[in-house]
Amino acid sequence: MMYKHAIKSRFKSVWLLLGLASGIVLNAQTDSALAFARQSGNDSILIRALEKSVIPVVNKDPQKARAYAVEAIALSLEHPGKGLLARAYNAMGIVYDVSAKYDSALYMYRKSVENAPPIERSGFLGEPLNNIGLVYWNQGFNEKAIEHFTKSLEIFKAHNLDRGVAHNLNNIALVYQDMKRYQDALVYQKKALEIRARINDKYGLGASYSNLGNLYAEFEKYDSALVFFNKALEIKKKTNDRLGIAIAYNNLGVTYRSLGASVKAISFIQKGISIAKLVDANNQLLQDYCTLVKVYVEQGDHKTARAYLDSAATMAFDMGSQLRLRDYYSACLRLDSATGNIAGLAKNWPKFYRLNQAIYNLEAEEAISTIQAKYETAEKEAEIARSKAQIAEQSLMLKARTVWIVVLTSFFLLAIFAGLAIRHQAKLRQQKLVAENALKEEKSRAELREKIQEERQRIGRDLHDHIGAQLTIITSSLDALAYKEGANKSNYDQISNQTRETMGQLRETIWAMSNEHTSVEALSSKLRESVGKLASLLEEQKIHISVSGNGHALLGPAKTIAVFRMCQEALNNALKHADFKTLDISFNIKKGRLTIEVTDDGKGFDPTVMQSDGYGLNNMRHRIEEVGGDFSLHSEEGKGTRIKAELPV
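Residues numbered from 1 in each chain as written. Predicted model: local features only at pLDDT ≥ 70, side-chain atom pairs only at ≥ 80, totals over all residues. Heavy atoms only, no water.

S.K.: Please set out the overall build of the protein residue by residue, giving values where relevant.
M.R.: Each helix and strand in the protein was counted, giving 25 helices and seven strands. Relative to its full complement of 649 residues, the protein shows a buried share of 47%. Pairs at least 24 residues apart make up 67% of the contacts formed inside the protein by residues separated by at least 6 positions. (Helix = DSSP H or I, 4+ residues; strand = E, 2+ residues; numbered from the N terminus. Buried < 20%, exposed > 50% of the residue type's maximum accessible area, 1.4 Å probe, protein only. Contact = heavy atoms within 4.5 Å.)

S.K.: Which residues make up the side chain of glutamine 568, and what values go with them?
M.R.: Mapped onto the fold, glutamine 568 is located in helix α24 (residues 557–578). Engagement of the side chain of glutamine 568 in a polar contact is seen with the side chain of arginine 565, the distance being 2.7 Å. (Polar contact = N/O pair within 3.5 Å; in protein donor to acceptor, adjacent residues only side chain to side chain.)

S.K.: Lay out the nonpolar core in plain terms, naming residues and giving numbers.
M.R.: Counting 114 residues, the largest nonpolar core has Val54, Met92 and Tyr328 as the members making the most contacts within it. Counting residues per element, this core draws most heavily on helix α5 (residues 84–98), at 10 residues. Val520, Leu555, Leu583 and Ile643 belong to the second-largest nonpolar core, a separate cluster that totals 36 residues. (Core = buried A, V, L, I, M, F, W, Y, C linked by side-chain atoms within 4.5 Å.)

S.K.: So, the packing of aromatic side chains: which residues are in play, and what are the values?
M.R.: Under the defined criterion, the tally for this structure stands at 13 aromatic pairs. Pairing tyrosine 182 with phenylalanine 219 gives two aromatic rings, centres 6.2 Å apart and planes at 90°, and the pair type is edge-to-face. A residue pair is termed long-range when its members are at least 10 positions apart, and tyrosine 182 in helix α10 (residues 182–199) and phenylalanine 219 in the loop between α11 (202–218) and α12 (222–238) qualify at 37 residues. Both rings, one in tryptophan 349 and one in phenylalanine 352, keep their centres 5.7 Å apart while their planes meet at 35°; by these two values the pair is tilted. (Phe/Tyr/Trp six-rings, centres within 6.5 Å; stacked < 30°, edge-to-face > 60°.)

S.K.: Kindly report on helix α17 (residues 322–339), identifying the contributing residues and their values.
M.R.: Between its first and last C-alpha, α17 extends 26 Å over 18 residues, near the 26 Å set by a 1.5 Å rise per residue. Glycine 340 lies just past α17 and shows a positive phi near 70°. (Expected span 1.5 Å × (residues − 1).)

S.K.: Break down the sheet that holds strand β7 (residues 641–648) for me, with residues and values.
M.R.: Taken in spatial order, the five strands make up an open sheet running β2-β4-β5-β7-β6, and their pairing is mixed. In this open sheet, the two edge strands, each paired with only one partner strand, are β2 (542–549) and β6 (630–635). Direction aside, neighbouring strands of the sheet carry axes that sit 10° apart on average. Summarising the sheet, β2 and strand β4 (residues 582–590) pair through eight bridges and their orientation is parallel. (Pairing = 2+ DSSP bridges. Axes fitted to C-alpha atoms, helices over the stretch in contact; angles between N-to-C directions.)

S.K.: Which residues make up the layout of surface pockets, and what values do they have?
M.R.: Here the second largest pocket is characterised by a volume of approximately 580 Å³. For the second largest pocket, the lining is made up of 27 residues, of which Tyr328, Lys347, Ser519, Ala522 and His552 are closest to its centre. For the lining of the second largest pocket, the secondary-structure elements that each account for two or more residues are α16 (302–319), α17, α18 (342–360), β1 (518–519) and α22 (520–532). Of the residues forming the lining of the second largest pocket, the biggest block, six residues, is contributed by α16. (1 Å grid on protein atoms, 1.4 Å probe; cavity = no way out; pocket = protein on both sides within 12 Å on 5 of 7 lines; lining within 4 Å. Points joined across faces, edges and corners; volume = space filled by probe spheres on them.)

S.K.: Please provide a residue-by-residue account of the state of the cysteines, values included.
M.R.: Counted under the stated rule, the structure contains zero disulfides. Free of any disulfide, cysteine 332 has its nearest neighbouring cysteine sulfur in cysteine 290, separated by 7.8 Å. A residue is classified by how much of its surface remains accessible, and cysteine 332, at 5% relative accessible area, is buried. (Disulfide = S-S within 2.5 Å.)

S.K.: How would you sum up the pairing of β7? Please name residues and give values.
M.R.: Only one face of β7 is covered, namely the one carrying Thr641, Ile643, Ala645 and Leu647; the face carrying Arg642, Lys644, Glu646 and Pro648 has none of its residues buried. Where strand β5 (residues 593–600) meets β7, eight bridges bridge the pair, whose relative direction is antiparallel. Along β7, the bridge assignment pairs isoleucine 596 with alanine 645. Examined bridge by bridge, β6 and β7 share six bridges and lie antiparallel to one another. Residue pairing in the sheet places histidine 634 in a bridge with arginine 642 of β7.

S.K.: Please provide a residue-by-residue account of the pairing of β5, values included.
M.R.: One ladder, built from eight bridges, connects β4 with β5; its direction is antiparallel. Bridge assignment links isoleucine 589 to a residue of β5, and that residue is leucine 594. Where β4 hands over to β5, the hairpin turn is made up of two residues, of which lysine 591 adopts a positive phi near 50°.

S.K.: Give a description of the environment of alanine 72 that names residues and reports values.
M.R.: Here alanine 72 shows up in helix α4 (residues 62–76). A relative accessible area of 0% means that alanine 72 is categorised as buried. Alanine 72 sits 17 residues away from tyrosine 89 along the chain, and the two C-alpha atoms are 8.4 Å apart. Look past the residues within four positions of alanine 72 in its chain and what remains in contact with it is Ile47, Leu50 and Ala88.

S.K.: An account of the environment of histidine 302 is requested, with residue identities and associated values reported.
M.R.: Tracing the chain through its elements places histidine 302 in helix α16. Spatially, the C-alpha atoms of histidine 302 and leucine 335 are 7.2 Å apart, while their sequence positions differ by 33 residues.

S.K.: If you had to explain the confidence of the model for the protein to someone new, which residues and values would you point to?
M.R.: Confidence in the prediction of the protein, expressed as mean pLDDT, is 78, and 72% of residues score 70 or more. In the predicted structure, residues 21–28 sits below a pLDDT of 50 and forms 15 contacts with residues beyond four places in sequence or in another chain. Overall, residues 362–379 carries pLDDT values under 50, and its contacts beyond four positions in sequence, including any with other chains, amount to five contacts. (pLDDT = per-residue confidence, 0-100.)

S.K.: Any details on α5? Residues and values, ideally.
M.R.: Between its terminal C-alpha atoms α5 stretches 22 Å, which fits the 21 Å expected from 15 residues at 1.5 Å a residue. Most of α5 is tucked away: 15 of the 15 residues are buried. Just beyond α5, the residue with positive phi is alanine 100, at close to 65°.

S.K.: Help me get a handle on unusual backbone geometry, residues and values and all.
M.R.: At asparagine 240, a residue that is not glycine, the phi angle is positive and equals roughly 55°. Mapped onto the elements of the fold, asparagine 240 is located in the loop between α12 and α13 (242–258). Positive phi outside glycine occurs at aspartate 579, with the angle close to 55°. Locating aspartate 579 in the fold gives a position in the loop between α24 and β4.

S.K.: Before we move on, can you summarise the packing of helix α7 (residues 126–138) against helix α8 (residues 142–158) with the specific residues and values?
M.R.: Relative to each other, α7 and α8 sit at 160°, their axes nearing to 8 Å. Our classification of the angle between α7 and α8 gives roughly antiparallel. Where α7 crosses over α8, the two elements pack in a sense that is left-handed. Contact with α7, carried on its side by Gly126, Glu127, Leu129, Asn130, Ile132, Gly133, Leu134, Tyr136 and Trp137, involves Asn142, Lys144, Ala145, His148, Phe149, Lys151, Ser152, Ile155 and Phe156 of α8 and no other residues of that element. When the residues that make up the contact of α7 with α8 are grouped by side-chain class, the tally is nine nonpolar, six polar and three charged. (Parallel < 35°, antiparallel > 145°, perpendicular 65-115°, else oblique. Left-handed = near helix turned anticlockwise from the far one by under 90°. Nonpolar A, V, L, I, M, F, W, Y, C, P; charged D, E, K, R; others polar.)

Written as structure tokens, this is what we have:
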């Protein structure tokens, strides 16, 4: 059986630009070039070597890439006016971009543009402009993406930078492909391929082969698509481009899925996942998970599909990308439809529709075409009716001379029928008016709900964009100071770690408030993620999180953050004071009530002699009672501790 695939199930080869004027620093050359730059004693040479060293390591070792960028920024701040700071900011933007931290990446790219040298002296400005376009594309803002790609393209052409020109043509083609303008995309991809072949750009050729394969897959020419994907894989292996290899495996897997070869599809996608995890390629991991959901749904293995969907959920919301969220909701709808989950379909379809509408705006075009077609059909029918009426009138006039009595009888009959028709039409108009009023009321209510949700998301974005960006600057500055100070590094590290912890709490708050509702299952998954970050502190201690009852029960933002923070507080208290071996966090949903219990087998304590704020108990109690819940605690020395909260859902 042939399966028709969706364009977003494929991972495309996009291009971040760094140091195009002097070429890309290859992996094998990075360490030696950097060592030479350090020995030179020239800060300008060292800054250029640092920022060019980011690309070869950013996928394999993000922390090393970040350290290079931080050091480059710190040194560049001491050399204003030479364009070095712009290059350092661009490098830091790439570090954030690759890890899907788009708001932080956008901030760094804009700082790069602000500090770029004049256009007439350098073509560098094309690089951050291209990279800003990529961020907008990943967030689903196609018009802004095309605008920045075009500006970048003009700068590269003016400075005869063929590599940059090819990259821009490639990226513009990808946006056209997303807009379903496939012929335009094919023209731009072929232009990019021609330039890359002429200048022997191996990395670029791999991207062009990959993206041409995607286009031929859109035309359902799967044999041609496989030829291009295998060419891309061959080049990526020769150049040891692990991210590129992972992308090639993904594309081969999706193509075999389109051909109905599920076993081959799963095999290739799993290969891609194993490599993507090594290089922290979150974008690709999310797409791999969503693709596997669809493959396992087609095989009827709904349990495995659900497991991969849960893995995709946290990543999709953390990225804050419209494209990635749409991929996630598309996979949700596929599983909901297969399992007959009507509630899930009702919940996820509007979210998928709004995201798809925002990205493509194709539905409006289709609606206009439909209305136009109906209008033209109605006009033709009206013209036919007018012609028939004229013929009938002429016939009546001819017969009137001899059969006037028949005409009179017909007149009376027509009058009776007309009266009945008018009465019927009036009744229909009344019914239509009632239905329209009901529809308007429902539309108003829906618009109000949507405005509330948009305002909630706007507040979340403001927190992320402004406070998150400021925290990012603080962290980068502390890293730079730590690098320069040396001896006092531990003090800076402590402050930096506290800042990152604050950023983590901010992201958790934004996650809770950005959604109108959050399921208990999603909340437990988020808590498991939080527990996973504490792995280094656990030693031999075991923490179990379980959900029983209706895990799809929904909580509002206030209840979500109250329960999440209570569990975090209880866990932190146990880690600090309880000396436990096992700790259990259980969620039970029954008869419209959610019960949360946190129990440990630690040393316990006497609540009557414990200071009122000693374990943050007042904070936990206040959070639960503030959202209409009940809170209780039971503990005895030597017998562990049990914290219980109960609230309506």
